[in-house]
Each structure stands twice: as C-alpha cells, then as structure tokens.
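A structural walkthrough
Now for the letters of each chain:
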Amino acid sequence: MNTILRISFIALCLLIAPAQAQTNPTAELLRELIRIDTSNPPGNEGAVAEFLRPRFAALGFEVSIIETPAPGKAHFIARLRGDGSKRPLLLAAHADVVGVERALWTEEPFGGDIVNGYVYGRGAIDFKGGLAVFAEAVMELARNEVPLARDVIFLAEADEEGGSYGTGWLARDHWPLIDAEFALNEGGWIIKRRGADAVRYVSISTADKFSITLRVTASGHSIHSSMPRPDNAIFALAQALEKLSRYDTGVQLIPITRQFFQTLALTAEEPEKTWFEDILAGTDAARLAQADRAIGVDPLQRAFMRNTIAPVIIEGGFRSNVIPGTASALVNFRLIPGTDVAAFIEEIRRVVAAPAISVELLAGADESEEAALSRLQQRSMQPPSPEDTELYRALAESAREQYPEALVTSYLFQAGTDAGAWRNRGVPVYGIYPYPIDEDDLSRMHGNDERVSVRSLAEGTEMIYRVLVDVASR
C-alpha cells in the first residue's frame, strides 16, 4: 500500500466504523499511555520509556533511555537513521501530566476509556495525545521503510509540567542526542468552528508566552482568633488579590498575534469581523475596549493578546484558633515575548501596594532572585522561529491538505512549553496540538474529564506522517 495511503486508509476505516467502536492505532496507543500514571510530581516518566522501548526497538530505532538523578524519572529517545545528507528532525512530546481532582471526574482519569468516540484520561490533550500521534507517525516511517535523507528523532520528555530535570537539563548534559535542524513540539491549535465539525483554523506556534511566578505576602499580628485585630494578614492578602482580580494588563499585539487576528478576520462573520478589525486598528479606545470584551469571552483569544494573571496557590494559617502572622499567594503570570520583566514586576507591586504587602519573584532552586530575573529577561527577548523553513512550510501545506476549509497561520502559544532548550541554541521549534478540538475539549485541558476524539487522533496522525515524509524522505 502507498506510504501516504496507509494512514489515509486508517482514517477511512474510522469514518465508517460504528460510533462506539471507533478506534485506530493512535487511539489504542494513547489509551495505554494514559494508563501509566505520570502525574508530576513525582512523574514516573521512566515507566513510559520502558513501555515505548520494545515498540521502537523492534522497528530498528536506536533507543536511549536517559536516567535523571530523580528515581523513576527518565527521558526516552529513539532515532531512525537516514543517510545523513540533511540534519536531523526532532519530534518532542512530554510524558508527564498534571495531577487530577479525582472526585470531580466522571470518567476514570487513568483508565483510557473510550466513551462516545472520545478517549478520556489525564493527558489526552496535554500531551499524551500528541505523544501518541508523533510516535505513531514516526513508527509508520519505519514500518513503510521510507528512505530518509535525515535522521528522525523521537523524544518523550520528563519534567515538562514542572521539576528540575526537563529538556534544559537534557540539553545541558546530552545535547548530541537531541541536536536537530528543527523541532516539532506542542503549541498551536486545530480549532473547530463553534457548533460545527469543520475546522476553522490551524495555528502553528512559532513562539511561546513565558511564565513567571510572584509570591504576594501579607503580614499582620499573630494572635488568638477570639481577639481579631485590624492588621489581619489573611484579610490583607484577600484585599491584594481583589486588586489583582480587577486589574487588566491591556491588549498588546506583537507581529505574530497581529497576523493571527488578521487571519481570523478573514474567516469571521459580523459582528466578529469588525471586532477583530477594531482590535487590529487599536485607534479608537472605546471600540477597542468593546472588541476586547467581546473577543475575550473566548479565554484562549483573551490569553494571547495580553499578559495574564492567575492566583494558583494560597498559603496561610496552621490552626483554627490562631490568626496567622503571615499569609501568601503564588500568582502565575504568562507574559508576552518582549515584556520588560523587571518593569512588569514593579507594575504588579504598584497594583497591590499596601503597607502590609510584599511581592517577590519566585526563583528556581539554588537561584537568586537577580539571576532569575536575568534568565527571564533573556527568555523574553528570544525571537520567534522563522516561517521560511522546510518544516514550517511542510506543516502548513499538510494542514491545508488535511483541512482545506481552514486557514493556516503562525501563532503565539498562550502557555509555555519546553521549547527553550532548542530555541536558546538557535534551533527553530514549531508547535501544534495535532488533533482538531472544540471549545468544550479545550476547557478540559488541565481540568476534569480531559478528552480527545478518536477521529481527531487519526486525522492528526495522517497530517504529521505526511509532514515527516515531506521533510525527511529522500
């Protein structure tokens, strides 16, 4: 069977299968991956590495498992050799997932069950679904014995969701194993039209927002709870957080987000079309504010046109009969590239300013606040990956072939990824969640009842396989 048609045949079988019986090799691989609980902490990504090892080794891949100093935590690397006439192509996907609030799930979060055509489980979207798509597409190259001009490297990473031994650590100590001409990672989206099955747009991320965390601390008088005083640390913290909840950092468009909104305007109907045009013009404050409110109903679109503010952890108190002397909150900010980090922190200090309130940057382990600030500022100035590479062009072309009704655009990913390990060394990285999703699916990411459709997994595998053949074959 023709190398491209082999996966097309999988998609065809999927379309004609009964709804409850929908499945394909990528969906089956994802189900098995979900059943390996890699909630981080602690991660346990080594179990995924051992699960993948025999599958790749049997197809002729050179397999390496890179153990980290943390027990059970490892990176998996599989290399399919080409003739070396071109530099390698890397596909990277993280094997760890965030934890779950199990009581709030209606499906088993680590069961990998298929319900009404969807695979349910933690990581279904972020990012074991992508890991399964990338892995299946790469293994299909080997099954079809596609002659390669370049090595194709598949990486299943540890510690993307947090921890000390992620791709930064891997790049420092094992760079030759992951060095490549360009890389594919998580990032952009394949978004369906609201209330329809058709894809509206495919976004390929060429840059990421980046994350900083500030600790907002309130100080007060520690005393017996029967004798409350005005200088209550918890009340002071609540007031500071209330100020943050009302503060808007404002719309900021950089070239990538401007191109993205221009693309959406082409696909939009009124009044949405005018809203995008008003955002892009930005000349009339009242029209801009109205458009921002209207567009911002979509949390994804609101997120990538401003620096965002999200309290994530509250700390304070130790007994029910003691008013604590301090209370603090960790607040996560996702910043647009080009942001002056020091100036932004001062901006937040002005917003929450009060005698009892202090704000400090949360640094890494064994890192000073000054060093963390320098590192983050360097991250902010990192340029986007160029759009004139063989990989970007192949992604865009394959997306147009898979979804001819959709527009394709570059994109600023609204969250962070581990792409910095390569972008810091000048390696272009492009991101995509390689399966169509809708607003409901997206709302479940890092939330409850996370899921991805079986059909979307088949389509994504077909699209990525076509990219690999285009970029890597002789």
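Everything discussed here concerns the structure shown above.
The notes below deal with the structure included here.

Parameters at a glance
- Residues numbered from 1 in each chain as written.
- Predicted model: local features only at pLDDT ≥ 70, side-chain atom pairs only at ≥ 80, totals over all residues.
- Heavy atoms only, no water.
- Helix = DSSP H or I, 4+ residues; strand = E, 2+ residues; numbered from the N terminus.
- Rg over C-alpha atoms; globule rule 2.2 N^0.38 Å.
- Buried < 20%, exposed > 50% of the residue type's maximum accessible area, 1.4 Å probe, protein only.
- Contact = heavy atoms within 4.5 Å.
- Areas by Shrake-Rupley, 256 points an atom, 1.4 Å probe, with all protein chains shown as cover.
- Lys, Arg positive; Asp, Glu negative; His and termini not counted.
- Charge placed at Lys NZ, Arg CZ, Asp CG, Glu CD.
- Pairing = 2+ DSSP bridges.
- Axes fitted to C-alpha atoms, helices over the stretch in contact; angles between N-to-C directions.
- Parallel < 35°, antiparallel > 145°, perpendicular 65-115°, else oblique.
- Left-handed = near helix turned anticlockwise from the far one by under 90°.

Describing the overall build of the chain
Assigned secondary structure in the chain consists of 16 helices and 17 strands. For 474 residues, the compact-globule estimate of 2.2 N^0.38 gives 23 Å, and the C-alpha radius of gyration of the chain, at 23 Å, lies within 12% of that figure. Projected onto the principal axes, the alpha-carbon positions of the chain cover approximately 80 × 55 × 45 Å. Relative to its full complement of 474 residues, the chain shows a buried share of 55%. When contacts within the chain are restricted to residue pairs at least 6 apart in sequence, those whose partners lie at least 24 apart make up 78%. A total accessible area of about 19800 Å² is found for the chain, and carbon and sulfur atoms account for 52% of it. Each charge class in the chain was averaged separately, 46 positive and 64 negative side chains, and the resulting centres sit 1 Å apart.

Structural notes on the sheet that holds strand S9 (residues 210-219)
Sheet architecture is open: four strands sit in the order S11-S13-S9-S14, paired in antiparallel fashion. Each having just a single partner strand, strand S11 (308-316) and strand S14 (357-361) make up the two edges of the open sheet. Here the strands of the sheet are splayed against their neighbours by 25° on average, with no regard to which way each runs. Alignment of S11 against strand S13 (residues 326-335), held across eight bridges, turns out to be antiparallel.

Quick word on the sheet that holds strand S17 (residues 451-453)
With respect to topology, three strands assemble into an open sheet ordered S4-S5-S17, the strand pairing being antiparallel. Looking along the sheet, the strands with just one partner apiece sit at the ends: strand S4 (114-115) and S17. Pairing analysis gives two bridges linking S4 to strand S5 (residues 118-120), with the strands arranged antiparallel. In the strand pairing of S5, Val-115 is matched with Tyr-118. Where helix H2 (residues 25-34) meets the sheet, it contacts S4, S5 and S17, and its direction lies at approximately 15° from that of S5. Contacting S4, S5 and S17, helix H16 (residues 454-472) runs over the sheet at an angle of about 65° to S17.

Overview of the packing of helix H7 (residues 255-267) against helix H8 (residues 272-281)
Where H7 meets H8, the closest approach of the two axes is 9 Å, and the angle between their N-to-C directions is 155°. It follows from the interaxial angle that H7 and H8 lie roughly antiparallel. Crossing geometry of H7 relative to H8 is assigned as left-handed. Here Arg-258, Phe-261, Gln-262, Leu-264 and Ala-265 of H7 come into contact with H8, specifically with Lys-273, Phe-276, Ile-279 and Leu-280.

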